[in-house]
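# Examining the three-dimensional arrangement
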Amino acid sequence: MIRNPFVRAVSAYFYRGHSPNYDNYNLRPGLWRQATDRDFMSKKRHVPLKEFFNADEYRNILTKMFGDSTECRQVQNCGIGINEGICAMVTGCHGYRNASDYLNESHSYSAISALRQHAFFGLLEAYNASVLLAYHTFGIEHPDDRDFAKSRASVSLDRKCSPPKVLRNDATACRAFYKAHALDFIVFEEAHRIFCHRLHRVGLLDDPIISAELRANRLCDSLNYAKADHACGLLETPQAIVQFKELRARCNGGPRWWLGEYGFYWKPDRTPTRKYLPPPPPLPDVPLSSFLISTNLNDDSIPGASFTLALRSKTTFPL
């Protein structure tokens, strides 16, 4: 399962083991906190979310995981000397490593190509659709309700004051993240088009429940996640700003607290709102299958294949 890179990063920051404040991967020994440190909660400096976004080890995780395995030293030295027998990718070639001196768009397209080779991958933002697509892909005829159940509900998101929820809706945080992780948004945009194409191919795209899920999360329509004004502009609409203000008002912290803890304190009233974004497809007049992934390449095409959306009707949306 893959996920919107920005939302995934905010979630990872608050999850033990995936940020400098709980450095289980031993990325910067002596500098970042580790669970084994005696001074875990006292001496080592708290790393704000803004600094986490720009830490090279945590940049473009999706691109590195699927498009950069061959550059990893663990793979290059696999089977040589002391590395013999310990070549499992997870031990040294996870996405948490510094590749900033060479990572570029070619690695994003390699990641897209690698994802194409998977018989199945899903999107967390389209979980129900992903489960049903997996059923179709692997010939599972009898759905199990447990497959659709939420198994690990987030306690932090359910609290009255929820910094993770506030920051997910902070447009300045989104744009700062996009600037440092643009490669991952290229992968997510293209991968989600492949996912939509596969839904269409098996007849799931116009299922009422699936179409509602996709529409609510702005998937399989004219929104282009490879563009910052699309990916983050969703948070700058008048409706989104009202929601953001309501979420932050539930917390007692002021600007100094938010900046100290996380590095972000968005002032929406000073931000031009995005009054126009590509609109979601109207329902029920235009079914989601009207949005075709138009390409002259099949599902096993070459790396870097780009997808565009076209409407069967006369209406078109700019990408």
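See the structure shown above.
What counts as what
Residues numbered from 1 in each chain as written. Predicted model: local features only at pLDDT ≥ 70, side-chain atom pairs only at ≥ 80, totals over all residues. Heavy atoms only, no water. Core = buried A, V, L, I, M, F, W, Y, C linked by side-chain atoms within 4.5 Å. Buried < 20%, exposed > 50% of the residue type's maximum accessible area, 1.4 Å probe, protein only. Helix = DSSP H or I, 4+ residues; strand = E, 2+ residues; numbered from the N terminus. Contact = heavy atoms within 4.5 Å. Polar contact = N/O pair within 3.5 Å; in protein donor to acceptor, adjacent residues only side chain to side chain. Disulfide = S-S within 2.5 Å. Patch = residues over 30% accessible without salt bridge, like charges linked within 9 Å, V, L, I, M, F, W, Y side chains within 5 Å. Areas by Shrake-Rupley, 256 points an atom, 1.4 Å probe, with all protein chains shown as cover. Salt bridge = Lys/Arg side-chain N within 4 Å of Asp/Glu carboxyl O. Lys, Arg positive; Asp, Glu negative; His and termini not counted.

## Considerations on the nonpolar core
- In terms of nonpolar packing, the biggest core is built from 65 residues, with Phe6 and Phe53 touching the most fellow members.
- The element that contributes the greatest number of residues to this core is helix H11 (residues 182-201), accounting for 10 residues.
- Not counting residues within four places of it along the chain, the set of residues in contact with Phe6 comprises Phe53, Leu167, Arg168, Asp170, Ala173, Cys174, Phe177, Phe185 and Leu235.

## Structural notes on helix H1 (residues 5-13)
- Counting buried positions over the nine residues of H1 gives seven, a clear majority of the element.
- Those residues of H1 lying buried are Pro5, Phe6, Val7, Ala9, Val10, Ala12 and Tyr13.
- Residues of H1 that are buried make contact with helix H2 (49-54), helix H9 (163-168), helix H10 (171-180), H11 and helix H15 (255-261).
- Where H1 starts, the residue carrying a side-chain oxygen 3.0 Å from the main-chain nitrogen of Phe6 turns out to be Asn4.

## With respect to the state of the cysteines
- Within the structure shown, the criterion is met by three disulfides.
- Disulfide pairing places Cys161 opposite Cys251 at an S-S distance of 2.1 Å. Disulfide Cys161 to Cys251: torsion about the S-S bond roughly 105°, handedness right-handed. With a gap of 90 residues between them, Cys161 in the loop between helix H8 (155-158) and H9 and Cys251 in the loop between helix H14 (238-249) and H15 connect regions that are remote in the sequence.
- By relative accessible area, which is 28% here, Cys161 ends up partly exposed.
- Cys251 gets classed as buried once you look at its relative accessible area, which sits at 8%.
- Between the sulfur atoms of Cys196 and its disulfide mate Cys220 the distance is 2.0 Å. Between Cys196 and Cys220, the S-S torsion sits near -90°, and that sign places the bridge as left-handed. Of the two residues, Cys196 sits in helix H11 while Cys220 sits in the loop between helix H12 (208-216) and helix H13 (228-231), which places them 24 residues apart along the sequence.
- For Cys196, a relative accessible area of 3% corresponds to the buried category.
- Residue Cys220 is classed as buried on the basis of its relative accessible area of 3%.

## Considerations on a nonpolar patch on the surface
- A cluster of nonpolar side chains, Met1, Leu124 and Tyr127, forms an exposed patch at the surface whose accessible area comes to about 280 Å².
- Relative to the helices and strands, Tyr127 resides in helix H7 (residues 127-138).
- Looking at Tyr127, the relative accessible area reads 30%, which means it is partly exposed.

## Looking at the pattern of salt bridges
- Scanning the entire structure with this criterion turns up 10 salt bridges.
- Taking the shortest distance from any N to any O, the salt bridge between Arg59 and Asp56 comes out at 3.4 Å.
- Residue class for Asp56 comes out partly exposed when judged on its relative accessible area of 23%.
- A salt bridge links Arg146 to Asp144; its shortest N-O distance comes to 2.7 Å.
- For Arg146, a relative accessible area of 67% corresponds to the exposed category.
- Classification of Asp144 as partly exposed rests on a relative accessible area of 24%.

## Considering the environment of His197
- Along the chain, His197 falls in helix H11.
- Sequence spacing of His197 and Cys220 is 23 residues, and the spatial spacing of their C-alpha atoms is 8.5 Å.

## Regarding the side chain of Asp23
- Residue placement: Asp23 occurs in the loop between H1 and H2.
- Buried charge without a salt bridge: Asp23, with Arg28 as the nearest opposite-charge side chain at an N-O distance of 7.4 Å.
- Separated by 3.2 Å, the side chain of Asp23 and the backbone nitrogen of Arg28 make a polar contact.
- Beyond its immediate sequence surroundings of up to four residues, Asp23 is in contact with Arg28, Trp32, Arg33, Gln34 and Tyr58.

## A few points about the environment of Arg146
- For Arg146, the location among the structural elements is in the loop between H7 and H8.
- Looking at Arg146, its side chain comes within polar contact range of the side chain of Asp144, at 2.7 Å.

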